[in-house]
Amino acid sequence: MYYQSESHSSSSVHGGTGAGDPLERVVRLASGSAVVIFSVSTCCMCHAVKRLFCGMGVNPTVYELDQDPRGKEIERALSRLLGGGSAVPVVFIGGKLVGAMDRVMASHISGTLVPLLKEAGALWL
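Residues numbered from 1 in each chain as written. Predicted model: local features only at pLDDT ≥ 70, side-chain atom pairs only at ≥ 80, totals over all residues. Heavy atoms only, no water.

As annotated in an unreviewed UniProt entry, the protein chain carries the name Glutaredoxin-C5 and comes from Sesamum angolense. Checking UniProt for the protein chain, the heading Sequence similarities (unreviewed entry) contains the comment "Belongs to the glutaredoxin family. CC-type subfamily." In its Subcellular location (unreviewed entry) section, UniProt records this for the protein chain: "Cytoplasm". (UniProt positions renumbered as here; feature names shortened; annotations may be inferred.)

In structure tokens form, the structure reads like this:
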């Protein structure tokens with residue numbers, strides 16, 4: 001399984017200032033690639049969603065929040081975006097929030113996931 005994992009020091013992500021709203025950071029990171037997954041490296045559901053995309057031939061950008069010094073802040077911002085509850089995994093496709101694992105799997109089962117991936121440029125078939 002291969003996916004592009006991103007880990008950043010606070011200076012490279014925040015332009016050296018160390019400041020920045022976590023929600024703005026989520027939006028910026030989510031817009032950076034066709035498929036973005038916010039994950040925790042020890043989370044089994046995160047692993048499952050990464051495997052799903054890799055199995056489909058998609059190369060998601062993965063942000064492992066437990067390896068980011070400000071990961072807890074991002075996790076809280078993601079939880080707010082989702083309306084509470086568990087904050088990972090969270091998937092963005094084409095810069096748009098798809099949601100947590102339940103929403104991704106519902107889209108996959110209903111047949112709407114592949115068209116989203118094609119529209120975002122993550123799949124060409």
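Okay, back to it.
J.: Can you tell me about the side chain of Lys 50, naming the residues and giving the values?
T.: The topology assignment puts Lys 50 in helix H3 (residues 44–55). Take Lys 50: its relative accessible area is 3%, and that puts it in the buried class. Of note is the side chain of Lys 50, whose polar atom sits 3.3 Å from the side chain of Ser 39. (Helix = DSSP H or I, 4+ residues; strand = E, 2+ residues; numbered from the N terminus. Buried < 20%, exposed > 50% of the residue type's maximum accessible area, 1.4 Å probe, protein only. Polar contact = N/O pair within 3.5 Å; in protein donor to acceptor, adjacent residues only side chain to side chain.)

J.: Describe helix H2 (residues 22–30), and please don't skip the residues or the numbers.
T.: Turning to H2, its buried residues are Pro 22, Arg 25, Val 26, Leu 29 and Ala 30. In an axial view of H2, the angular spread of the buried residues amounts to 125°, which keeps them on one side of the axis. (Arc of directions from axis to C-beta.)

J.: Which residues make up the pattern of salt bridges, and what values do they have?
T.: Summed over the entire model, instances satisfying the criterion amount to 4 salt bridges. For Glu 64, the salt bridge identified is with Lys 50, shortest N-O distance 2.7 Å. Within this pair, whereas Glu 64 is found in strand S3 (residues 61–64), its partner Lys 50 is found in helix H3, the two being separated by 14 residues in sequence. Of the two residues examined, Glu 64 and Lys 50, each falls in the buried class. One salt bridge connects Glu 73 with Arg 70, and the closest N-O pair in it is separated by 2.6 Å. (Salt bridge = Lys/Arg side-chain N within 4 Å of Asp/Glu carboxyl O.)

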